[in-house]
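Residue strings, one per chain:
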There are 2 protein chains.
Amino acid sequence: MLNNQIKIRISNGPATAMGPGKAELLALINECGSISAAAKQMKMSYRRAWQLVDEVNKCFDQPLVASSVGGSHGGGAKLTEFGIKVLENYHALIAKSQEASVQELAFIRAHLKESV
Amino acid sequence: MLNNQIKIRISNGPATAMGPGKAELLALINECGSISAAAKQMKMSYRRAWQLVDEVNKCFDQPLVASSVGGSHGGGAKLTEFGIKVLENYHALIAKSQEASVQELAFIRAHLKESV
DNA sequence: CATCGCTATATCCATTGAAACATAGCGAGC
DNA sequence: GCTCGCTATGTTTCAATGGATATAGCGATG
C-alpha cells in the first residue's frame, strides 16, 4: 500500500484551488523559504512551481504565498498567515474526511488490485 | 456556486480507481444500458468511455461493468452487483466526507474568488 | 558598489493525451 | 441469413501541457 490514498481537491471553476500537489508545494515553500528550493525538492521546474503558486494566489481573495525579490539571498517566499490557515484547513479536511468514511474506504481498498 | 465542489478520487498506484468522472460514467451506464449512450450523454467519445471502463474494471479484483456484445440491439453494458456497491460506497464516502468537514470547506469556500 | 540567488517572465521545443476516424466482430430478432 | 447497434481496438492527427533555456531585475550584505 503505497499510493492509494484518497485525494481531495477543491476546484474553483476550471482551476484547482487546492489539491495534493499544491498542498505539498505550499508546505515545502514554508519549510524551505523559497519557491525554487521547494520546486527542486519536488523535482519540478521552477517555472511550474511558480505557475502553481500564481494560480493558487489568484484563486483566493488574498495571497497564500508572499514572495520577496532581491536581498542577500536573492529573495524568497513564505506562506502568509492566511496561507498557513488554508493549508491547515485543507489538512484537517482530509483527516476528517478519511475518518468519516473509513468503512467505505476500507471496502473499496479491500477490492483494489495491486493494493499489496 | 457552480463548479467548486470537493472532488475525491481514490487512486490505485498510477491509475485512478474511482473519481468524479468515472462515477458519473458508471451511473450513466447503469441508466442507459450501454457505454455508447452514456458516452454520448457525457459528450465523450465512445473510445474514451470504453477506456475508462476498462481501466476501472482492471483496478478492482472483479469487474464493475458487465458488457455483452451482439444481439438485436447490438449489445450493451450494465453495472454488476459489485459495481453498484462500489458506486454506492463512493457516493456515501463523498457525502460523509463533506459532512465531516463542513467547517473547513466553508472557510475555504468563503475565500475563493469567483465563488459567486 | 559588486555579488549572489531568487523571483518573474518570455520563447521554443518535446512529450503527452485526447479526439477523430476507421474497422472488425458479434448475435438476437426480423 | 441479413440487418443493426453496440463492443472492442487500431491508427492517425492535433492541441495542450510541461520542460528546457534564456534573461531581466531586485536588494540586503559584505
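The structure reproduced in this document is the subject of the present report. (Residues numbered from 1 in each chain as written. Chains lettered and ligands numbered in written order. Predicted model: local features only at pLDDT ≥ 70, side-chain atom pairs only at ≥ 80, totals over all residues. Heavy atoms only, no water.)

## Quick look at the protein's contact with DNA strand D
Move 1: Surrounding DNA strand D, one finds 22 residues, the nearest of these being Gly70(A), Gly71(A), Ile35(B), Tyr46(B) and Arg47(B).
Move 2: Here, DNA strand D places atoms within 4 Å of the protein, and 62% of those atoms are sugar or phosphate.
Move 3: Interatomic distance of 3.4 Å between a backbone N/O atom of Ser72(A) and a sugar or linking oxygen of DNA strand D.
Move 4: For the surface near DNA strand D, the secondary-structure elements that each account for two or more residues are helix H3 (46–59) of chain A together with helix H2 (35–41), helix H3 (46–59), strand S3 (65–69) and strand S4 (75–79) of chain B.
Move 5: Residue classes in the surface near DNA strand D are distributed as six nonpolar, 13 polar and three charged. (Near = heavy atom within 4 Å. Polar contact = N/O pair within 3.5 Å; in protein donor to acceptor, adjacent residues only side chain to side chain. Helix = DSSP H or I, 4+ residues; strand = E, 2+ residues; numbered from the N terminus. Nonpolar A, V, L, I, M, F, W, Y, C, P; charged D, E, K, R; others polar.)

## Section: the protein's contact with DNA strand C
Move 1: Taken together, 21 residues lie near DNA strand C, and Ile35(A), Tyr46(A), Ser67(A), Gly74(A) and Gly71(B) sit nearest.
Move 2: Gly74(A) places a polar main-chain atom, nitrogen or oxygen, 3.1 Å from a base oxygen of DNA strand C.
Move 3: Between DNA strand C and the protein, one listed contact pairs a phosphate oxygen with a side-chain N or O atom of Arg48(B) at 3.3 Å.
Move 4: Taken together, the elements giving at least two residues each to the surface near DNA strand C come down to helix H2 (35–41), H3, strand S3 (65–69) and strand S4 (75–79) of chain A together with H3 of chain B.
Move 5: Here the surface near DNA strand C is composed, by residue class, of five nonpolar, 13 polar and three charged.

## Some thoughts on the nonpolar core
Move 1: Ranked by size, the top nonpolar core spans 71 residues in total, and within it Phe60(A), Leu64(A), Phe60(B) and Leu64(B) carry the most contacts.
Move 2: Dropping the residues within four chain positions of it, Leu64(A) is found in contact with Met18(A), Leu26(A), Val56(A), Asn57(A), Lys78(A), Leu79(A), Thr80(A), Phe82(A), Gly83(A) and Val86(A). (Core = buried A, V, L, I, M, F, W, Y, C linked by side-chain atoms within 4.5 Å. Buried < 20%, exposed > 50% of the residue type's maximum accessible area, 1.4 Å probe, protein only. Contact = heavy atoms within 4.5 Å.)

## What about the side chain of Asn12(B)?
Move 1: Position of Asn12(B) relative to the elements: it lies in strand S1 (residues 6–12).
Move 2: At 3.0 Å, the side chain of Asn12(B) forms a polar contact with the backbone oxygen of Lys113(A).

## A look at the packing of aromatic side chains
Move 1: Here the structure, examined in full by the defined rule, presents four aromatic pairs over all chains.
Move 2: When the ring of Phe107(A) is compared with that of Phe82(B), the centres are 6.1 Å apart and the planes differ by 50°; the resulting orientation is tilted. Here the residue Phe107(A) occupies a position in helix H5 (residues 102–110), and Phe82(B) occupies one in helix H4 (residues 81–100), the pair thus bridging two chains. An identical accessibility class is assigned to Phe107(A) and Phe82(B); each is buried.
Move 3: Ring centres of Phe60(B) and Phe82(B) lie 5.9 Å apart, and the angle between their planes is 75°; on these two criteria the pair is classed as edge-to-face. Here Phe82(B) lies in helix H4 and Phe60(B) lies in the loop between H3 and S3, a separation of 22 residues in the sequence. Each member of the pair, Phe60(B) together with Phe82(B), is buried.
Move 4: An aromatic cluster of three or more residues is present, and its members are Phe60(A), Phe82(A) and Phe107(B). (Phe/Tyr/Trp six-rings, centres within 6.5 Å; stacked < 30°, edge-to-face > 60°.)

## Topic: the sheet that holds strand S2 (residues 15–18) of chain A
Move 1: If you walk across this open sheet you meet the four strands as S2(A)-S1(A)-S1(B)-S2(B), and the pairing is antiparallel. Edge strands, defined here as strands with exactly one partner in the open sheet, are S2 of chain A together with strand S2 (15–18) of chain B. Taking the axes of each pair of neighbouring strands and ignoring which way they run, one obtains an average angle of 55° across the sheet.
Move 2: In terms of strand pairing, S1(B) meets S2(B) through three bridges, oriented antiparallel. Pairing of Asn12(B) across the sheet is with Ala15(B), part of S2(B).
Move 3: Most of the contacts of helix H4 (residues 81–100) of chain A go to strand S1 (residues 6–12) of chain A, to which it runs at about 130°, and overall it touches S1 and S2 of chain A together with S1 of chain B. (Pairing = 2+ DSSP bridges. Axes fitted to C-alpha atoms, helices over the stretch in contact; angles between N-to-C directions.)

## Describing the interface of chain B and chain A
Move 1: The interface of chain B with chain A comprises 38 residues on the first partner and 39 residues on the second.
Move 2: Summed over both sides, the interface of chain B with chain A buries roughly 3600 Å², with 60% coming from carbon and sulfur.
Move 3: Ionic pairing is found between Glu104(B) and Lys96(A), a salt bridge with its closest N-O pair at 2.9 Å.
Move 4: Summed over the shared surface of chain B and chain A, the result is 10 residue pairs in polar contact (both at pLDDT 80 or more).
Move 5: The element contributing the most residues to the side of chain B that touches chain A is H4(B), with 10 residues.
Move 6: When S1(A) meets S1(B), the two strands line up antiparallel, connected through five bridges. Paired with Lys7(A) across the two strands is Arg9(B), which belongs to S1(B). (Buried area = accessible area lost by both parts, 1.4 Å probe. Salt bridge = Lys/Arg side-chain N within 4 Å of Asp/Glu carboxyl O.)

These figures come from the coordinates and say nothing about function on their own.
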